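The primary structure of each chain is shown beneath.
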Amino acid sequence: MSKLTNEFDCVETIRKGTYWMPFTANRRVKADPHARLLTSAKGPYYYTADGTELFDTLSGLWCSPLGHAHPKIVEALKTQAEKLDYAPPFQMTNPQTVHLAERIANLAPAGLEHVFFANSGSEAVDTALKVALGYHRLRHEGQRFRMIGRERGYHGVGFGGMSVGGIVPNRKMFASGMMPGVDHLRHTYSPEHMGFSRGQPEWGAEYAEDLERLVGLHDASTIAAVIVEPVQGSTGVIVPPVGYLQKLRKICTKYGILLIFDEVITGFGRMGENFAAQRFDVKPDMITFAKAVTNGIIPMGGVIVTDEIYNTFMTGPENAVEFAHGYTYSGHPMATAVAHAVLDVMEEESLFARVRTLEPILEDAVHGLRELSSVKDIRNIGLTAGVDLCSADGAPGARGLAIFEKGLREGLLLRCTGDTISFGPPFISTPDQLREMIDGVRRLIQFAS
Ligand SMILES: Cc1ncc(COP(=O)(O)O)c(C=O)c1O
């Protein structure tokens, strides 16, 4: 066995800390590295080095809704590697990247017609923020430099994304590096008004008026854009109240502020529609996407913008670069080939319709956990759900971690952040697999109570 696949060497290397794991309690992993080694995956399951089968309750990191090792996608990857493995994206392009832009634009709400490729959600967000700055400058409103994010929001880890993000542990270590002029809307979660809500809470549209407060404070003439996740994913599935996103849209339009929907999680079917913009019937000025567009197989992200934004950039001398921004791997041909195969499979297998069929099954199953005394709240929408647990006395996060670690021995790869469990199972899951997932979680919560 080569050193690369030798499990013993691998475990020793983890213990040495040579591999510094992202967003991970690294020292905790060292205690039992075997349990953290995924060695293969098929359909909605991962397999660990010791052969344990784990149901993929979050579709990887929200990114693999078609499950793993889909033969059509594997084939597309191989074929593309032999045909055109890389093409420079500056001044040159390739047919499948161009076609993918058209295909993605066709999935977006009418009027969002132009696609700029990046390689991750973080890059997509930073790209969108730069588009917003450039757009206002080109319109001779360069004084609009402020970005408005939202408390509890997650927009990746670039300097732009972290600045508009609103998750405290992701911000506090880097406070000195925040972009200037950023402010945040209040988050929309109020357990006393919307505890255990199924789908969109009826209460809370008024939270959108918080934008009026920020306009009052900073003046609209200084604000470039508002960026929100239509459904806040990473903070534990916070669902927008009925009417909230509509109100936000209205206020942005009133003041000439661009509205960016960060659809890195919600894009490509997670809400049972192409984008959450369609599910909630609100048209933003930009949509960021990543993750599911390539089923997580190869990195890709991007931004979809309106005609108005694109045309604003397409001015000046024809030989000049209109937007001094881009990545060596923007629109990488391997990624775009995979994305075509992913979109083919999504269409052929009617997977967005399947999400709509599975949504009430997940909803019923997950709300069944309410009877457990340590469950504090449950929320769901599309094929997502969040379950908050009461924290153990004096040890926030301990219960979530215990459940995560026990889950690895009980056949579930869970996403626990603090004492919140988030679910985003693959679209290919069967109703029985969803019910079994929740039954498994019930046992784990009971174990950890
Ligand atoms: C809404 C949102 N935006 C941005 C990102 C960052 O994406 P990436 O990790 O690909 O940089 C994420 C990741 O979970 C996300 O959920």
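This text goes with the structure placed above it.
Here the structure is a predicted model, which means the values were calculated and not measured. (Residues numbered from 1 in each chain as written. Predicted model: local features only at pLDDT ≥ 70, side-chain atom pairs only at ≥ 80, totals over all residues. Heavy atoms only, no water.)

## Some remarks on the layout of surface pockets
A probe matching the size of a water molecule, rolled over the atoms, marks out where space remains unfilled.
Then, number 1: Taken as a whole, the second largest pocket spans an internal volume of roughly 1,100 Å³.
Then, number 2: Together, 33 residues line the second largest pocket, and Pro89, Val115, Phe116, Tyr310 and Glu322 are the ones closest to its centre.
Then, number 3: Breaking the lining of the second largest pocket down by element, the ones donating at least two residues are helix H5 (95-107), strand S4 (112-118) and helix H13 (307-313).
Then, number 4: Of the residues that constitute the lining of the second largest pocket, the class distribution is 19 nonpolar, 10 polar and 4 charged. (1 Å grid on protein atoms, 1.4 Å probe; cavity = no way out; pocket = protein on both sides within 12 Å on 5 of 7 lines; lining within 4 Å. Points joined across faces, edges and corners; volume = space filled by probe spheres on them. Helix = DSSP H or I, 4+ residues; strand = E, 2+ residues; numbered from the N terminus. Nonpolar A, V, L, I, M, F, W, Y, C, P; charged D, E, K, R; others polar.)

## Looking at the environment of Tyr329
Then, number 1: Looking at the element boundaries, Tyr329 is found in the loop between H13 and helix H14 (333-348).
Then, number 2: With relative accessibility at 49%, the residue Tyr329 sits in the partly exposed group.
Then, number 3: Note: C-alpha distance between Tyr329 and Phe116 (213 residues apart in sequence) is 12 Å.
Then, number 4: Those residues in contact with Tyr329 that lie beyond four places of it in its chain are Tyr86 and Asn119. (Buried < 20%, exposed > 50% of the residue type's maximum accessible area, 1.4 Å probe, protein only. Contact = heavy atoms within 4.5 Å.)

## Quick look at the site of the ligand
Then, number 1: The local shell around the ligand consists of Ser120, Gly121, Ser122, Tyr154, His155, Gly156, Glu229, Ser234, Asp262, Val264, Ile265 and Lys291.
Then, number 2: For the ligand, an oxygen atom lies 2.8 Å from a polar atom in the backbone of Gly121.
Then, number 3: The separation between an oxygen atom of the ligand and a polar side-chain atom of Ser122 is 2.6 Å.
Then, number 4: Surface burial for the ligand is 84%, taken as the share of its 390 Å² of free accessible area covered by protein chains. (Near = heavy atom within 4 Å. Polar contact = N/O pair within 3.5 Å; in protein donor to acceptor, adjacent residues only side chain to side chain. Areas by Shrake-Rupley, 256 points an atom, 1.4 Å probe, with all protein chains shown as cover.)

## Section: the packing of aromatic side chains
Then, number 1: Within the structure shown, the criterion is met by 9 aromatic pairs.
Then, number 2: Centroid distance Phe117 to Phe289: 6.3 Å. Interplanar angle 90°. Geometry classified as edge-to-face. Here the residue Phe117 occupies a position in strand S4, and Phe289 occupies one in strand S9 (residues 286-289), the gap between them amounting to 172 residues. Neither residue differs from the other here; Phe117 and Phe289 are each classed as buried. (Phe/Tyr/Trp six-rings, centres within 6.5 Å; stacked < 30°, edge-to-face > 60°.)

## Concerning the side chain of Glu359
Then, number 1: Examined against the element boundaries, Glu359 turns out to sit in helix H15 (residues 351-367).
Then, number 2: Since its relative accessible area comes to 11%, Glu359 is described here as buried.
Then, number 3: Of note is the side chain of Glu359, whose polar atom sits 2.8 Å from the side chain of Arg279.
Then, number 4: Contact partners of Glu359, with chain neighbours within four places excluded, come to Arg279, Ile381, Gly382 and Leu383.

Interpretation note: all reported values are geometric properties and have no functional meaning in isolation.
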